[in-house]
Amino acid sequence: MSCFPCFIVLSCELLPTTKPNQTELRVERFEVSLIDLPGGQQSWRTWKDHYGLAHGIIFVLDSSDVAKMDEAKKTLSRVLGHPKVSGKPLLLLANKQDKGESLLPSEVIECLSLEQLVNESKSLCRIEPCSATKRLPKIQCWSIVQGIHWLLRTIAVNYGTLCGRIQEDDPERQASAEQERMEKAQRARSGPQGDRQKKEKPQSCPRIFLHR
């Protein structure tokens, strides 16, 4: 008997936004705010300012840069160890798998001591190998799709608990974000697509922070 991989395809719609480093997406029945927090020591100090509003984390690392694995381990440990991140779901993307010298996911797990880190932080975690380059065929992107699907479903299952934490960690910004979401929903209902969007009300509106 032959076995074939089953890939889950997500329908995705780009939503308008005026905020820098932020992408608004409608993925299946979810409205997702993806906030891009670039790497580098100059940016680390600002990361923690955003942790309180996060429902989940995407951590992207260069799996071909073996020399910087120790630095990546320290960075990931710092992120997961923060009280406003600990316990939130983590999707780790082992990027640049198209490079000959890239580490396998199992090797990345070992180099990062990933099992120990996620156990200590009590964070659900999934690692996916990927190659984020336009030169590769779309089949190479399926691992990212599956990873995001897992992250959104994990957030949805724990949405009430995560929202409670966000309200406790950063009540003022949470109230502001909720007000903004309601205003955006009101504008959408009054637009030409209003009737359709009323019928397709999003299940949840998670905010996901992208570390790279």
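About the thresholds
Residues numbered from 1 in each chain as written. Predicted model: local features only at pLDDT ≥ 70, side-chain atom pairs only at ≥ 80, totals over all residues. Heavy atoms only, no water. Helix = DSSP H or I, 4+ residues; strand = E, 2+ residues; numbered from the N terminus. Buried < 20%, exposed > 50% of the residue type's maximum accessible area, 1.4 Å probe, protein only. Contact = heavy atoms within 4.5 Å. Areas by Shrake-Rupley, 256 points an atom, 1.4 Å probe, with all protein chains shown as cover. UniProt positions renumbered as here; feature names shortened; annotations may be inferred. Salt bridge = Lys/Arg side-chain N within 4 Å of Asp/Glu carboxyl O. Axes fitted to C-alpha atoms, helices over the stretch in contact; angles between N-to-C directions. Parallel < 35°, antiparallel > 145°, perpendicular 65-115°, else oblique. Left-handed = near helix turned anticlockwise from the far one by under 90°. Nonpolar A, V, L, I, M, F, W, Y, C, P; charged D, E, K, R; others polar.

When its secondary structure is counted, the protein chain shows eight helices and seven strands. Taken across its 212 residues, the protein chain has 39% of its residues classed as buried. Sequence separation of at least 24 residues holds for 75% of the intrachain contacts in the protein chain that already meet a minimum separation of 6. For the protein chain, the accessible area works out to roughly 12,500 Å², and carbon and sulfur atoms hold 53% of it.

Residues given the UniProt feature "binding site: GTP" (unreviewed entry) here are Gly39, Asn95, Lys96, Gln97 and Asp98. In this fold, Lys96 is placed in the loop between strand 5 (90-95) and helix 3 (105-112). Discounting chain neighbours no more than four positions away, the residues touching Lys96 are Asp62, Ser63, Ser64, Ser102, Cys130 and Ser131. Its place among the elements puts Gln97 in the loop between strand 5 and helix 3. Owing to a relative accessible area of 21%, Gln97 belongs among the partly exposed residues under this scheme. Discounting chain neighbours no more than four positions away, the residues touching Gln97 are Ser63, Ser102, Leu103, Pro105, Pro129, Cys130 and Ser131.

All chains considered together, the criterion is met by four salt bridges. Asp62 is the partner of Lys96 in a salt bridge, and the nearest nitrogen-oxygen pair spans 3.3 Å. Here the residue Lys96 occupies a position in the loop between strand 5 and helix 3, and Asp62 occupies one in strand 4 (residues 56-62), the gap between them amounting to 34 residues. The exposure class assigned to Lys96 is partly exposed, which follows from its relative accessible area of 35%. The class for Asp62 is partly exposed, based on a relative accessible area of 26%. Between Arg126 and Glu128 there is a salt bridge, and its shortest N-O distance comes to 2.6 Å. The partly exposed category is assigned to Arg126, whose relative accessible area is 28%. Glu128 sits in the buried class, given a relative accessible area of 8%.

This brings us to the packing of helix 2 (residues 69-81) against helix 4 (residues 114-121). Interhelical geometry of helix 2 versus helix 4 gives an angle of 15° and a closest axis separation of 10 Å. Here helix 4 runs roughly parallel to helix 2, going by the angle between their axes. Judged by the twist between their axes, the crossing of helix 2 over helix 4 is right-handed. Counted together, Lys73, Leu76, Ser77 and Leu80 of helix 2 and Leu114, Leu117, Val118 and Ser121 of helix 4 form the full contact between these two elements. When the residues that make up the contact of helix 2 with helix 4 are grouped by side-chain class, the tally is five nonpolar, two polar and one charged.

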